[in-house]
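# Understanding the architecture of this molecule
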Amino acid sequence: MKKGKNVQVRRRAPTLLRLPFCRKITTKITMLVMAVCIFVLALSFLGVIVIEALHARAELLSKQSALADTIAYNVAPAVIFDDPVAAGKTLASLQADTQINNAYLVTSDNRVFARYARKGLAEDPRFGPKADFRRAINEMRRESTAIWRWGRDLEVVRPVMGEGSEIGRIVVVSDVMIIYQKLRVILFGFMAIMAGAVLVAWFLASRMQHLVSAPLLHLSDVMRQVSRTKEYSLRAEVADNDEIGELVTGFNTMLEQVEARDTRLAAHREELEREVELRTLELRETNQKLHETVDELRLAKKSAEDASQAKSMFLANMSHEIRTPLNGILGMAELLFTADLPEKQHCFVRTLHGSAVSLLDIIDDILDSSKIEAGKLELESIPFDLHDLVGETMDTFALAAQRKGVGLLCDMEKGVPASVQGDAVRLRQVLVNLINNALKFTEKGEVRVSAGLAEEGEVDYLITLAVRDTGIGIPPDKLEYIFESFNQADGSTSRKYGGSGLGLTISRQLAHLMGGGLEVKSAVGVGSVFTFSVRLRKGGAAEARPAETGPVCRQWDLSGRRVLVVEDNPVNQKVALGMLNALGMSADLAVNGKEAMAALAKSGYDLVFMDCQMPVMDGYEATRLIREKEANGHEGLPARPGGKGRTAIVGITANAMKGEGAKLLACGMDDYLAKPYTLAQMRTMLSTWLAGEDDQEESLAVADGPSPEGAFAAGEQELDDVDRSALDEISRLRKGALSEVIETYLATSVTSIDTMRAALAANDGAGVAFTAHGLKSSSAMLGAHRLAAHCDELETLGKATALDDAFMALEALEQVYLRVRNTLEKEMLSDRENT
Ligand code: ADP
C-alpha cells in the first residue's frame, strides 16, 4: 500500500470546542457567538463588581473614619471630666447614621467608658459587661485603625486625644450589608442586561453567521454532488479571499487534478481497450488458425488411422495370403521328409522347412502386432488348467533345452490355482516367447520358470510367471527399448540369433490386455528375468487340482530320441506331427507300413506311432513284421539308441470302442491311442515310452481313458456333429494349426466322398470300405464322431459288399457330412480371424 505523505496540518480544536452535539455549522457559529458574548459580559460584570465593591468599601471606610474622628473629638472633654453620661449622649448621636450598629469608648486603662448600640441590636460580645476589653483593644491596636469582617461588619478604631496624649479609644462598628445590597442590585441589573445582550447576540449571530457558513455550505454541497455524481468538472464558487476562499480554491484545484487524472485514465483505458481489442483480434485469428490446425490434424489423424487401419488390414490380408502358400510349402516339405530322397536333398528339405517355419512365425507376429494396434484383438475367456498349460509349454522346450545343454526347470509355488479361466492360447504365446528368448540367449546354465500367486481377489487371481535365465543379459539402457516394436538390444542380435524384435512388444501388449504387465530385470553377463503377470478368473471346467500340488514340471531327457509317424491320412499326419512339434519333438513320416519298415531299416526309431489301416501295408502287418525282425535280431532293424531292446510302437485307431485295443496289443504294439487323441495323451505316450517316467499300465489307462471311448459311446446317442474339445486340442498346438488341419480335411474329405460314390457305382465294396476308413479316421481326429460312426458303418457294409445298404448308408453319411463341413468351415474362418 502506498504510504500517505506527511503533511503539516494545524491541530484540530479540542473536543469540547468542536461542539460535537451540534451537527450544523450554522448552529455552531451561533453557539460560538453567544458563548463568546456571555463570556465577555460575565467577565465585564466581574470587573464591575470588584471595582464597585472596592469603591463602596473605601467610601464606607472614609465616611466611618471621619465620623469616628468627629465623635472622638467630641467625647474628649467628657473623658477628661470623667463624665460618661455626656460621653454616652455624644455616642447616642450616632443613631442618625443607620449604618452604625455599635460604638464604644474605651479609656486608656481599658475600661468601657461609654457605649452605643442601635436599637434592636445586641451588643458586641467583645464589649459586653464581661468582656476582656484589654484584649479587644489590643487586637484593635494591632489591626491599626480598621477591621473588616466581611459578611458581618466594619470596625473603625480612633484615638481620643486630650492634652496631647491618647486618653482613650473610640470604636465604631458599622454594618456592611449596605455594600452587599448595592452589589446585588448591580448583579440583577447586569443579569437583565446580559439576557438582553444574549438575545441580541443570538439574533445577530443567526442573521450574520451565513457570512461564514454560506461559502462552507456551498462547498459542502458541491462536494456532496461531486461524490454522488462523480462529476469532477464541477467547481465551487470562491466568495472571498479568506481561509474559506483558500479552502474552496484548494478544493477546486483538487477537482481539477482529479479531472485531469480522470482524463488521463480514460485516455489510458481507451488505449488499453484498443490494445485488448487488438489482442483479442489476434487471439481470434490464432484461435481460428488453431481450429484449422486442429481440423487439419484431425483429418491427418483420421487419415493416419485409416492408413494404419489399412496397413493393419493389408498386413492381416497379406499375412493370410502369405500363410496359405507358406502352409503349402510346409505341407510339401513335410511330405518330402517321407520321400525317399538322397541325404543331401533331405538336408535341403529340412532347411526349406525350417525357413518356412521361421517365416510363418514372423508373419504370425506381424499379424498379431497389427491386430493389437488396430484394437481388433479379442481375448477369450475359457476354462483351462494352468498347471497343465505351464507343464505342456515347458515340455515343448524340453528337447531344445536338452540339445543346447541348458537346464530347463520349473517351480510351481504352492497355492497357484489350477482351475482358471482366461485366454489360454495367448497366455501360452507369451510364455512360449519368453522361454524361447531365454533359451535363445542362454548358452550355458539354466532357464527357470516360476509360477506364483501374487494376489487373490474375489473373482480372479493375479498370477505371476517369471522366466529367469543365466544368459547374455541386457544392458540397462536397452531394458525398455527392447519392448518397442522391431527393436533388439544389440544390432547383431538378429544376425546371430534371428528374430524380428516383435515378440516382447506383443507379449507386453498381451499382458496388459490380460490385466497384468511384463517387466524385465537384467545384468549383462549374468542373466535376465522377465516377469509376466496376468489376471485369470476363478473356476472353470478344468479338472480341480489341489492347490498345494507343488512343482508339477519335470525335465525330460529326450535328446537323441527319434520318432516315426506312420499315417496315410493327411489330416491325421498334420495333427500327429503338429502335436509332436508342440511337444518339442520333430518326427519323420511314413505313409504306410512298407515305408515304415524301410525307414526303420534305414535309421532306427525309438518310438513309432502306427496307424492301423493303411494302403500297401497296414499297421498290424507292419508291427508283426517289425516284432518278427526284432525277435530274429534282423540286421535291417538297428537297436534302439537308448531303448529297451525293441522299438516302442503305439497304435493309433479310430476303433477303440470295438475292443480294437486288445487286438493292437496282441499283434505286438505296446500301447495305443484312440482318435481323437489329445496333446496330453500324446505327451503321456512320449514320457512313457521315451523318458520312461510312467509305467505302461498307467499310460494304457490314460490312452484307454474315458475321453475317446466315452466320446464314441456318446456319439451313438446324442452328440454335436463336431466335438469342440477335439478342435480345441488342435488349436492349442499353435496359431493357425486348426484352420490348416480343417483345410486339409475339407479338401481330402470331398475327394473321399466322390471316391466312395464312384466305388459304389463301380460296385467296388473294398474300395468303398477303404475310403470310408480313411474318412472315418480323419473325421474322428476332428471330433466328428457321428460322421466317423457313419463311415464305420459304411466301411463294414463295403467290406461285406452289401452295396445297396452301403448306398443308403452313404446317403445318410453325406447329410451328416454336409453339416460337419458347414461347422468346420465356420471354425476355420474364425480360427483364421483369430490368427
Ligand atoms: P526377437 O524376435 O528379436 O527375439 P523380442 O521382442 O522377443 O524379439 O526380443 C527383443 C530383443 O530383446 C532381443 O532381440 C534381445 O536383444 C533382447 N532379449 C529378449 N529376451 C532376452 C533374454 N532373455 N536375454 C537377453 N536378451 C533378450
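Cut-offs and rules
Residues numbered from 1 in each chain as written. Predicted model: local features only at pLDDT ≥ 70, side-chain atom pairs only at ≥ 80, totals over all residues. Heavy atoms only, no water. Helix = DSSP H or I, 4+ residues; strand = E, 2+ residues; numbered from the N terminus. Buried < 20%, exposed > 50% of the residue type's maximum accessible area, 1.4 Å probe, protein only. Axes fitted to C-alpha atoms, helices over the stretch in contact; angles between N-to-C directions. Parallel < 35°, antiparallel > 145°, perpendicular 65-115°, else oblique. Left-handed = near helix turned anticlockwise from the far one by under 90°. Contact = heavy atoms within 4.5 Å. Pairing = 2+ DSSP bridges. Phe/Tyr/Trp six-rings, centres within 6.5 Å; stacked < 30°, edge-to-face > 60°. Lys NZ or Arg CZ within 6 Å of the ring centre and 35° of its normal. Nonpolar A, V, L, I, M, F, W, Y, C, P; charged D, E, K, R; others polar. Polar contact = N/O pair within 3.5 Å; in protein donor to acceptor, adjacent residues only side chain to side chain. Core = buried A, V, L, I, M, F, W, Y, C linked by side-chain atoms within 4.5 Å.

### So, the environment of L211
With respect to the helices, strands and loops of the structure, L211 is situated in helix α5 (residues 210-229). Of the residues examined, L211 reaches a relative accessible area of 59% and is grouped as exposed. Through-space distance from the C-alpha of L211 to that of A239 is 9.6 Å; in sequence the pair is 28 residues apart.

### Digging into the packing of helix α19 (residues 724-731) against helix α20 (residues 737-761)
Put simply, α19 and α20 touch, their axes get as near as 7 Å, and they point 120° apart. As the angle between them shows, α19 and α20 are arranged oblique. The handedness of the crossing between α19 and α20 comes out as right-handed. For the pair α19 and α20, contact is made by L727, I730 and S731 and by A737, L738 and V741, respectively.

### Focus on the pairing of strand β4 (residues 153-162)
Across the 10 residues of β4, eight count as buried, placing the element largely inside the fold. One ladder, built from 10 bridges, connects β4 with strand β5 (residues 165-175); its direction is antiparallel. Bridging across to β5, D153 finds its partner in D175. Connecting β4 to the next strand, β5, in antiparallel fashion are two residues, including E163 with a positive phi near 55°.

### Some words on the packing of aromatic side chains
If you walk through the whole model with that rule in mind, you get two aromatic pairs. Here K478 stacks its cationic end above the ring of Y481, 5.6 Å away from the centre of that ring. The ring of Y620 carries the charged tip of K663 above its face, separated from the ring centre by 4.6 Å.

### With respect to the sheet that holds strand β13 (residues 563-566)
Ordered by their spatial adjacency, five strands build an open sheet running β14-β13-β15-β16-β17, and the pairing between neighbours is parallel. The open sheet has two free edges, formed respectively by β14 (587-590) and β17 (671-674), since each of these has just one partner strand. Averaged over neighbouring strand pairs, the angle between their axes works out to 20° when direction is ignored. Of the strand pairs in this sheet, strand β15 (residues 607-611) and strand β16 (residues 648-653) are connected by five bridges, and their pairing is parallel. Paired with V608 across the bridge in β16 is I649. Relative to β15, helix α14 (residues 619-632) is tilted by about 150°, and along the sheet it contacts β15 and β16.

### Regarding the packing of helix α8 (residues 386-404) against helix α9 (residues 424-440)
The geometry of α8 relative to α9 is characterised by a closest axis approach of 10 Å and an angle of 25° between their N-to-C directions. With respect to α9, the element α8 is oriented roughly parallel. α8 and α9 meet at a crossing whose hand is right-handed. Seen from α8, the contacting residues are L386, L389, V390, E392, T393, M394, F397, A400, A401 and K404; seen from α9, they are A424, L427, R428, L431, V432, I435, N436, L439 and K440. Its residues placed into classes, the contact of α8 with α9 shows 13 nonpolar, two polar and four charged.

### Some points on the side chain of D97
Assignment of secondary structure puts D97 in the loop between α2 (84-92) and β1 (100-107). A distance of 2.9 Å separates a polar side-chain atom of D97 from the backbone nitrogen of Q99. Sequence-distant contacts of D97, defined by excluding residues within four places in its chain, comprise K63, Q64 and L67.

### Notes on the nonpolar core
Formed by 61 residues in total, the largest nonpolar core has its most connected members in F609 and Y745. The residues touching F609, leaving out its near neighbours within four places in the chain, are V563, L564, V565, V566, L580, V650, I652, L673, M682, M685 and L686. Counting 46 residues, the second-largest nonpolar core is a separate cluster that includes L377, V406, I482 and L510.

Everything listed is a geometric property; what it means functionally is a separate question.
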